[in-house]
Amino acid sequence: MIAHLQGKLVEKTPTDVVIDCNGVGYQVNISLHTYSLLPESDFIKLFTFLQVKEDAHTLFGFFEKSEREIFKLLLSVSGIGASTARTMLSSLHPKQIINAIASGDVGTIQSIKGIGSKTAQRVILDLKEKMLKLYDIDEVSISQSNTNRDEALSALEVLGFVRKASEKVIEKILKEDPAATVESIIKQALKNL
């Protein structure tokens, strides 16, 4: 098993990179999340996961160890392959995936391209307990923040603001203050919209 690669970044695209390690170029598949975290320097280190199949050996790279762990957990779910897991990590921030699974938010998981309602439910059913244990999450705080988020979002929609823009602003507010009340979320969002 190749645990990590450290070397010179030779090529970089949103879906893969080539890392030169002492004259050997490794092509590594990455998520958009990892792509966004790659430094501007030539020298990088990626945590990796090697998938071995009959017809291919595919290397996946992650800037953060926690993203690699989420990727492995997603692969353990029946119906989720490496490309779907990578799409999930490209569509949502790893923390959003953790929160969605831990809180049983089928809608968020289902919003990812290629995941239907049954697969989303299976992901939550298979991984909820593992996420709660691994990341030491309190179920009460998750459901509370999701409720506050949803209430603030619907209030902003009633006020005539576009849902997509409102969601971005609310996510930013909750990232800074996860325990924000509905009122404070709305007040801060109104200042930023």
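Structure report, in brief. (Residues numbered from 1 in each chain as written. Predicted model: local features only at pLDDT ≥ 70, side-chain atom pairs only at ≥ 80, totals over all residues. Heavy atoms only, no water.)

## Observations regarding the packing of helix H8 (residues 163-176) against helix H9 (residues 182-192)
Phase 1: The N-to-C vectors of H8 and H9 enclose an angle of 125 degrees; their axes lie 10 Å apart at closest approach. As summarised for this structure, H8 and H9 are arranged oblique, according to the angle between their axes. Considering how the two elements wind past one another, H8 and H9 form a crossing that is right-handed. Counting all contacts with H8, which are made through Val169, Ile170, Ile173 and Leu174, the residues of H9 involved are Ile185, Gln188, Ala189 and Asn192. (Axes fitted to C-alpha atoms, helices over the stretch in contact; angles between N-to-C directions. Helix = DSSP H or I, 4+ residues; strand = E, 2+ residues; numbered from the N terminus. Parallel < 35°, antiparallel > 145°, perpendicular 65-115°, else oblique. Left-handed = near helix turned anticlockwise from the far one by under 90°. Contact = heavy atoms within 4.5 Å.)

## Considerations on unusual backbone geometry
Phase 1: One non-glycine residue, Asn22, adopts positive backbone phi at about 55 degrees.
Phase 2: In this fold, Asn22 is placed in the loop between strand S2 (16-21) and strand S3 (24-29).
Phase 3: We classify Asn22 as exposed; its relative accessible area is 83%. (Buried < 20%, exposed > 50% of the residue type's maximum accessible area, 1.4 Å probe, protein only.)

## Description of the pattern of salt bridges
Phase 1: Under the counting rule described, the total for this entry stands at 6 salt bridges.
Phase 2: Of the charged contacts, one joins Glu171 and Arg149 as a salt bridge, the two residues approaching to 2.6 Å between their closest N and O atoms. Here Glu171 is found in helix H8, whereas its partner Arg149 is found in helix H7 (residues 139-158), with 22 residues between them in sequence.
Phase 3: We classify Glu171 as partly exposed; its relative accessible area is 27%.
Phase 4: With its nearest N and O atoms 3.3 Å apart, the salt bridge here joins Glu167 to Arg163. One end of the pair, Glu167, and the other, Arg163, are both in helix H8, 4 residues apart, so they sit about a helical turn from each other.
Phase 5: Residue Arg163 is classed as partly exposed on the basis of its relative accessible area of 40%. (Salt bridge = Lys/Arg side-chain N within 4 Å of Asp/Glu carboxyl O.)

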